[in-house]
Amino acid sequence: MVLGGVPYGLVEDAAIAVEGGHIAWVGPHAELPGDWANAKRMTLGGRLTTPALIDCHTHIVHGGNRAREFEMRLHGATYEEIARAGGGIVSTIAATRAVDEDALIAAALPRLNALMAEGVSTVEIKSGYGLSIEDELKMLRAARRLGEMRQVRVKTSYLAAHALPPEYKGQADAYIEEVVLPGMEAAHAEGLADAVDGFCEGIAFSPEEIARVFDKARTLGLPVKLHAEQLSNLGGAKLAARRHALSADHLEYLDEEGIAAMAKSGTVAVLLPGAFYTLRETQLPPVAGLRAAGVPMAVATDCNPGSSPLSSLLLAINMACTLFRLSPEEALAGATREAARALGLGAEIGTIEAGKRAEIAVWNVEHPVELAYRAGFNPLHRLIHGDAA
């Protein structure tokens, strides 16, 4: 997928010139400038190339699993009922607190490997299951180390405002004051947080409480993003837009005012079909309204132990089409160009154009639509990083 005025920006018989890890030129092979005539060449055999995929919303660092809750939902329990009964996020807190950083890394590596095997070169990883200062930092340190252990870019989001831990039940203000805000300072001081996230929902935090978190992020110069309008409409997306958030994510219950606010601010709508599928939701995000308003739509796995145990971005692309009715072109852009924007990386990656990082996925397919068409099939031929041959 390259820039242009044709579907998918597709260029037939294209050439891509790479220098110093960046794209220096791209276009039809017949128009390749003469000064590249003697450059080292890699022939891709007519295969499709796209930007490397970007998973812009994951929770892959965590302890334990919630397979039992999956079974409970099949017997009729709702996400909110499970959470209020002490399950959900709260059950993962105990499992995450119980293990050390090395154990978190060992558990997360297979999930990261699965994403990378499908052409993913950039992964966002959130904290949010420690919910104490030290355990949140432990999660973020694990995420940073994952980025050092694999050839992948890891962007971290500080998500201490994810849920109330048991010791702060009914004390949201105290939790924010004593854990979320000082923990954010500590994460920033240690260089562990690239952004700040929160969960604005009846079972989590109110817009007023999230506003306090966002105010602190602003003083530290950290961009914000928000889980919003997943289970109800509390106006989280409007709050996120007013604070010029990089993204608002989930959005099943987003209303027209929220759409308008996001369109005005440029906040990316991150659609998460894995959670919609797993929770057997029936309220669709307002894709037609987002499209009509020009709100950019990203697609991500939301890989997490409870509501979206999905570690395939290709399957998320397929589900975005089949469940949310994105076009295959929109879904592919959602996992590349718009996902880059959702992480504040739009100037660096996400498209194949001169000046951007040469992070390119090569596929054994004839047309981009095939990436959305098949479910449970990985056609990746190779992932190219920079000048690597």
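Throughout this document, residue positions are counted from 1 along each chain, in the order its sequence is written. A pLDDT threshold of at least 70 governs which residues receive local features in this predicted model, and a stricter bar of 80 or more applies before side-chain atom pairs are shown or counted, although totals over entire chains, interfaces and linings include all residues. Just so you know, side-chain values use all the structure's heavy atoms and leave hydrogens and water out.

1. A short note on the overall build of the chain
A helix here means a DSSP run of H or I that spans at least four residues, while a strand means a run of E at least two residues long, and both kinds are numbered starting from the N terminus. Of the regular secondary structure elements, the chain holds 15 helices and 13 strands. For the radius of gyration, the atoms used are the C-alpha atoms, and the globule rule reads 2.2 Å times the number of residues raised to 0.38. Its C-alpha atoms give the chain a radius of gyration of 21 Å, within 12% of the compact-globule value 21 Å for 389 residues. Relative accessibility decides the category of a residue: with a 1.4 Å probe and only protein chains considered, values under 20% of the type maximum give buried, values over 50% give exposed, and everything between is partly exposed. Across the 389 residues of the chain, 55% fall into the buried class. By the convention used here, residues are in contact when the closest approach between their heavy atoms is within 4.5 Å. Put simply, of all contacts in the chain between residues at least 6 apart along the chain, 71% involve residues at least 24 apart.

2. Describing the sheet that holds strand β3 (residues 48–51)
Note on pairing: DSSP must find at least two bridges between two strands before they are called paired. Ordered in space as β3-β12-β13, the three strands form an open sheet in which the pairing is antiparallel. Edge positions in the sheet fall to β3 and β13 (380–385), since each of these pairs with one other strand and no more. Strand-to-strand twist across the sheet, computed as the mean angle between neighbouring axes with direction ignored, equals 25°. Relative to β13, strand β12 (residues 359–363) runs antiparallel, the two being bridged by five bridges. Bridging across to β13, Glu359 finds its partner in His385. To get an axis, fit a line to the C-alpha atoms, keeping to the stretch in contact for a helix; angles then go from 0 to 180 degrees between the N-to-C directions.

3. A word on the UniProt feature "binding site: N-formimidoyl-L-glutamate" (unreviewed entry) in the chain
UniProt positions are given in the numbering used here, feature names are shortened, and annotations may be inferred rather than shown by experiment. Feature annotation in UniProt places "binding site: N-formimidoyl-L-glutamate" (unreviewed entry) on Tyr129, Asn304 and Gly306, given in this structure's numbering. Across 178 residues in sequence, these annotated residues keep their C-alpha atoms within 11.6 Å of one another, forming a single compact spot. You can see Asn304 is positioned in the loop between β11 (297–299) and α12 (313–322). If sequence neighbours within four positions are ignored, Asn304 has contacts with His59, Tyr129 and Pro309. For Gly306, the location among the structural elements is in the loop between β11 and α12. With a relative accessible area of 2%, Gly306 lands in the buried category. Leaving out residues up to four positions away in the same chain, Gly306 has contacts with Arg66, Arg73 and Thr278.

4. A word on the state of the cysteines
Working definition: a disulfide is two cysteine sulfur atoms within 2.5 Å of each other. Following the criterion strictly, the structure yields zero disulfides and no others. Free cysteine Cys56: the closest other cysteine sulfur is in Cys303, separated by 13 Å.

5. Things to note about the sheet that holds strand β8 (residues 225–228)
Ordered by their spatial adjacency, eight strands build an open sheet running β4-β5-β6-β7-β8-β9-β10-β11, and the pairing between neighbours is parallel. Whereas interior strands pair on both sides, the edge strands pair on one side only; in this sheet they are β4 (53–55) and β11. With strand direction ignored, the average angle separating the axes of adjacent strands in the sheet is 25°. Sheet analysis places strand β7 (residues 195–200) next to β8, joined by two bridges and oriented parallel. In the strand pairing of β8, Cys200 is matched with Ala228. Sitting on the sheet, helix α6 (residues 172–189) is in contact with β6 (153–161) and β7, with an inclination near 160° to β6. Across the sheet, helix α7 (residues 207–220) touches β6, β7 and β8, and the angle it forms with β7 is around 175°.

6. Observations concerning the packing of aromatic side chains
Each Phe, Tyr or Trp ring (for Trp, its six-membered ring) is paired with any other whose centre lies within 6.5 Å, and the angle between the two planes then decides the class: stacked below 30 degrees, edge-to-face above 60, tilted in between. Per the stated rule, a full pass over the model turns up three aromatic pairs. Aromatic side chains Phe276 and Phe324 sit 5.2 Å apart centroid to centroid with 80° between the ring planes, which places their arrangement in the edge-to-face category. Linking Phe276 in helix α10 (residues 273–278) with Phe324 in the loop between α12 and α13 (328–334), this pair joins segments that are 48 residues apart in sequence. By the ring-pair criterion, three or more aromatic residues cluster together here, those being Tyr168, Tyr175 and Phe205. As a reminder, the over-ring test applies to NZ of lysine and CZ of arginine, requiring each to be within 6 Å of the ring centre and within 35 degrees of the ring normal. When the ring centre of Phe377 is taken as reference, the NZ or CZ atom of Arg374 above it lies at 5.5 Å.

7. Here's the deal with the UniProt feature "binding site: Zn(2+)" (unreviewed entry) in the chain
Sites flagged by UniProt as "binding site: Zn(2+)" (unreviewed entry) map to His57, His59, His227 and Asp302. Taken together, the annotated residues stretch across 246 residues yet fold into one region, lying no more than 12.4 Å apart by C-alpha. Relative to the helices and strands, His59 resides in the loop between β4 and α1 (67–74). Beyond its immediate chain neighbours, meaning those up to four positions away, His59 contacts Lys126, Ser127, Tyr129, Leu159, His162, His227, Asp302, Cys303, Asn304 and Pro305. As for its position among the elements, Asp302 is in the loop between β11 and α12. Residues within four places of Asp302 in sequence aside, it is in contact with His57, Thr58, His59, His250, Leu272, Ala275, Ser307 and Ser308. Two N or O atoms count as a polar contact when they lie within 3.5 Å, although within protein this holds only if one can serve as hydrogen donor and the other as acceptor, and sequence-adjacent residues are included solely when both atoms are side-chain atoms. One polar contact links Asp302 to His59, side chain to side chain, over a distance of 3.3 Å.

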